[in-house]
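Survey of secondary and tertiary structure
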Amino acid sequence: MKSDTIAAIATAVSDSGIGIIRMSGGDAVEIADRVYRSKQNRKRLSSVRSHTIHYGYIYDGDLLVDEVMVAVMRAPNTYTKEDVVEIDCHGGILVMNQILEVVLRNGCRLAEPGEFTKRAFLNGRIDLSKAEAVMDIIHSKNEFALRSSVKQLSGAVSDKVRSLRGDILHEIAFIESALDDPEHISLDGYTERLREKTEKIQSELGRLIASSDNGKMLRDGIDTVIVGKPNAGKSSLLNLLVGEERAIVTSVAGTTRDVLEESIKLHGVGLNIIDTAGIRSTDDAVEKIGVEKARKYAKDADLIVYVVDASCALDENDEEIMELIADKKVIVLLNKTDLEQVVSEDEIVRKLTDVSSNADSNELAHLSVIKTSTKENTGIDVFERTVRQLFFGGDIAVNDEIYITNQRHKQALAEASESMELVLRSLDDQMPEDFYSIDLMSAYAALGRIIGEEVGEDLVNEIFSKFCMGK
């Protein structure tokens, strides 16, 4: 680990009320003393108490740069566990850059992306999962993503991982001790106890892995694709959800030729909405391209919103759409219910059931049919509640469940689960005890990669390279 003193602008580089230049390292206070002058020019920052703030000025030689407040924080009770100095200056781009240049000329080195948090990790203040939660907090797109990230920063994921590793390590230690000292430690009846413990751990791993789909959607939003025939009301729905005239709406079928993408918050849940061209058979070359794009986006979507013109009978285009969206999470909006309705909810359910491969296993419970009128703004509140129920079981604001939002964590959990499955297989096959120990150790190591105890320097560098400069 580099031991030199680093510096960077810790706030957004833009015109704002306040800017912060952060320094961390053994010489941070001494370097600050070289550029800082108190009002009476009598105070030395090297002699002040830790965690105090001091009014004064930053000078570049004899040139006054800015009026500032300087916070002095001594190791180890700091973010990086090193001496940290933060200079609060005016938030102009020019003045922040000038102060940064001054401290760099006086002994600091420009920090690499994420180097402050990297030092916090390397110095043992936070583990790797907490470090990654810092970046998730910064990039949170909705309130639930923020709450989940804050929860991870407070140790929800790392505490669970450490608990699972502790259980696994206990079994490894017992097996190794029994093999080394069979006269005093008996393995009689141990396989049944190990099976019970392994199944419990496997169940916990499975629950965490299963939470990753919801975790991804909490963090990144639900990829939602609006499909339907031309002139069914798809663009009107988009405009209604976004709250502005984002898409052109006319009585002419086929107005939307390309995809329109918008991100919205639906009671705190993020939706990445894609409005597509109306799906139908057409000879128009441009419209054909739009229809093909609609089919592609529909295949990759987390949620399909199928808008049906309830005032017109279903036709072969609707049948094509239903085959396309079969077996996906679908909300059907029977739109234009302000007009005479010729399409019923039962007809929609029956036709979707006919094309669904899951119909016999009653997995169409994820299908919802809602009557709406985008013209009169009816049914949209039911649609919003249905989205929450479909993905998060309704109210997730008070849900204490741990969500895995990081793909790296999910992969490590999956590897640990595979190793625990091998333990169960060895138990079934009545293999020697040292076989159990090998697979238990593999699971232990896989979980260690989540919190950073089993990772190499290259992975650490890659993770922190994604951070912003001053973090």
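Residues numbered from 1 in each chain as written. Predicted model: local features only at pLDDT ≥ 70, side-chain atom pairs only at ≥ 80, totals over all residues. Heavy atoms only, no water.

So, the nonpolar core
- Core analysis: the biggest nonpolar cluster contains 31 residues, and Ile168, Leu194, Leu205, Leu440, Leu447 and Ile450 have the highest contact counts within it.
- Look past the residues within four positions of Leu447 in its chain and what remains in contact with it is Val161, Leu164, Arg165, Ile168, Leu205, Leu413 and Ala416. (Core = buried A, V, L, I, M, F, W, Y, C linked by side-chain atoms within 4.5 Å. Buried < 20%, exposed > 50% of the residue type's maximum accessible area, 1.4 Å probe, protein only. Contact = heavy atoms within 4.5 Å.)

A short note on the confidence of the model for the protein
- The predicted model of the protein has a mean per-residue pLDDT of 83, with 88% of residues at 70 or higher.
- Across residues 247–257, confidence stays below pLDDT 50; counting only partners more than four residues off in sequence or on other chains, it has 29 contacts.
- Note on residues 394–399: pLDDT under 50 across the span, and 10 contacts to partners over four residues away in sequence or across chains. (pLDDT = per-residue confidence, 0-100.)

Structural notes on the sheet that holds strand S12 (residues 330–335)
- Spatially, the 6 strands line up as an open sheet ordered S9-S10-S8-S11-S12-S13, and their pairing is mixed. Edge strands, defined here as strands with exactly one partner in the open sheet, are strand S9 (260–266) and strand S13 (368–371). Neighbouring strand axes in the sheet, compared pairwise and without regard to direction, differ in orientation by 25 degrees on average.
- Where S9 lies against strand S10 (residues 269–275), 7 bridges are found, and the strand directions are antiparallel. Paired with Ile264 across the bridge in S10 is Leu271. (Pairing = 2+ DSSP bridges. Helix = DSSP H or I, 4+ residues; strand = E, 2+ residues; numbered from the N terminus. Axes fitted to C-alpha atoms, helices over the stretch in contact; angles between N-to-C directions.)

Observations regarding the packing of aromatic side chains
- Under the definition given, this model contains 3 aromatic pairs.
- Ring geometry for Tyr55 against Tyr57: centres 5.7 Å apart, planes inclined by 65 degrees, an arrangement best described as edge-to-face.
- Exposure remark for Tyr55: the relative accessible area of 31% places this residue in the partly exposed category.
- Relative to Tyr190, the ring of Phe174 lies with its centre 4.9 Å away and its plane at 35 degrees, an arrangement referred to as tilted. Of the two residues, Phe174 is situated in helix H6 (residues 156–180) and Tyr190 in helix H7 (residues 190–220); the sequence distance between them amounts to 16 residues.
- Sitting over the face of the ring of Phe116, Arg22 holds its NZ or CZ atom 5.3 Å from the ring centroid.
- We note Arg165 situated over the ring of Tyr444; from NZ or CZ to the ring centre the distance is 3.7 Å. (Phe/Tyr/Trp six-rings, centres within 6.5 Å; stacked < 30°, edge-to-face > 60°. Lys NZ or Arg CZ within 6 Å of the ring centre and 35° of its normal.)

Topic: helix H3 (residues 115–122)
- When you tally the buried positions in H3, you get 7 out of 8 residues, the bulk of the element.
- Where H3 is buried, its residues meet strand S1 (6–9), strand S2 (16–24), strand S7 (109–110), helix H4 (128–138), helix H14 (433–451) and helix H15 (457–464).
- Gly124 lies just past H3 and shows a positive phi near 85 degrees.

Describing a nonpolar patch on the surface
- A contiguous nonpolar surface patch, about 280 Å² in accessible area, is contributed by Ile53, Tyr55 and Met69.
- Among the structural elements, Ile53 can be located in strand S4 (residues 52–60). (Patch = residues over 30% accessible without salt bridge, like charges linked within 9 Å, V, L, I, M, F, W, Y side chains within 5 Å. Areas by Shrake-Rupley, 256 points an atom, 1.4 Å probe, with all protein chains shown as cover. Salt bridge = Lys/Arg side-chain N within 4 Å of Asp/Glu carboxyl O.)

Considering the side chain of Ser212
- For Ser212, the position within the fold is in helix H7.
- Only 2.6 Å separates the side chain of Ser212 from the backbone oxygen of Ile209, close enough to count as a polar contact.
- Every residue in contact with Ser212, bar those within four places of it in the chain, is listed here: Ile404 and Lys410. (Polar contact = N/O pair within 3.5 Å; in protein donor to acceptor, adjacent residues only side chain to side chain.)

Re the packing of H4 against H14
- As a packed pair, H4 and H14 sit with axes 5 Å apart at the nearest point and diverge in direction by 40 degrees. By the criterion of interaxial angle, the relationship of H4 to H14 is oblique. Facing H4, whose interface residues are Leu128, Ser129 and Glu132, H14 presents Arg449, Ile450 and Ile451. (Parallel < 35°, antiparallel > 145°, perpendicular 65-115°, else oblique.)

Things to note about the pairing of strand S5 (residues 63–73)
- Pairing of S4 with S5, which is carried by 9 bridges, proceeds in the antiparallel orientation. Along S5, the bridge assignment pairs Tyr57 with Glu67.
- What sits between the antiparallel neighbours S4 and S5 is a turn of 2 residues, in which Gly61 has the positive phi angle 70 degrees.
- For S5 and strand S6 (residues 84–91), the ladder comprises 5 bridges, and the chain directions are antiparallel. Across the sheet, residue Val72 finds its bridge partner in S6, namely Val85.

A look at the sheet that holds S6
- Judged by pairing direction, the sheet is mixed, and its 7 strands sit side by side in the order S3-S4-S5-S6-S2-S1-S7 without closing on themselves. Two strands close off the open sheet at either side, each with one partner strand: strand S3 (36–37) and S7.
- In this structure, S3 lies alongside S4, joined through 2 bridges in antiparallel fashion. Across the sheet, the residue bridging to Tyr36 is Ile58, located in S4.
- In the packing of H3 onto the sheet, the strands contacted are S1, S2 and S7, and the crossing angle to S1 comes to about 135 degrees.

Comments concerning the pattern of salt bridges
- Counting across every chain of the model gives 25 salt bridges.
- Among the salt bridges present, the one from Arg165 reaches Glu453, with a minimum N-O distance of 2.7 Å. Remark: Glu453 occurs in the loop between H14 and H15 and Arg165 occurs in helix H6; sequence separation between them is 288 residues.
- Among the residues examined, Glu453 registers a relative accessible area of 44% and is labelled partly exposed.
- Linked through salt bridges whose partners overlap, the residues forming this network are Asp4, Glu82, Arg109, Glu115 and Arg119.

Points about the pairing of S12
- Counting buried positions along S12 gives 6 out of 6 residues, so the element sits mostly inside the fold.
- The two faces of S12 match: Val330, Val332 and Leu334 on one face and Ile331, Leu333 and Asn335 on the other face are all buried.
- Summarising the sheet, strand S11 (residues 303–309) and S12 pair through 6 bridges and their orientation is parallel. The partner of Val308 across the bridge, within S12, is Leu334.
- Following the backbone out of S11, through helix H10 (residues 316–325) and into the adjacent parallel S12, one traces a crossover that is right-handed.
- Examined bridge by bridge, S12 and S13 share 4 bridges and lie parallel to one another. (Right-handed = clockwise from strand over helix to strand, strands pointing away.)

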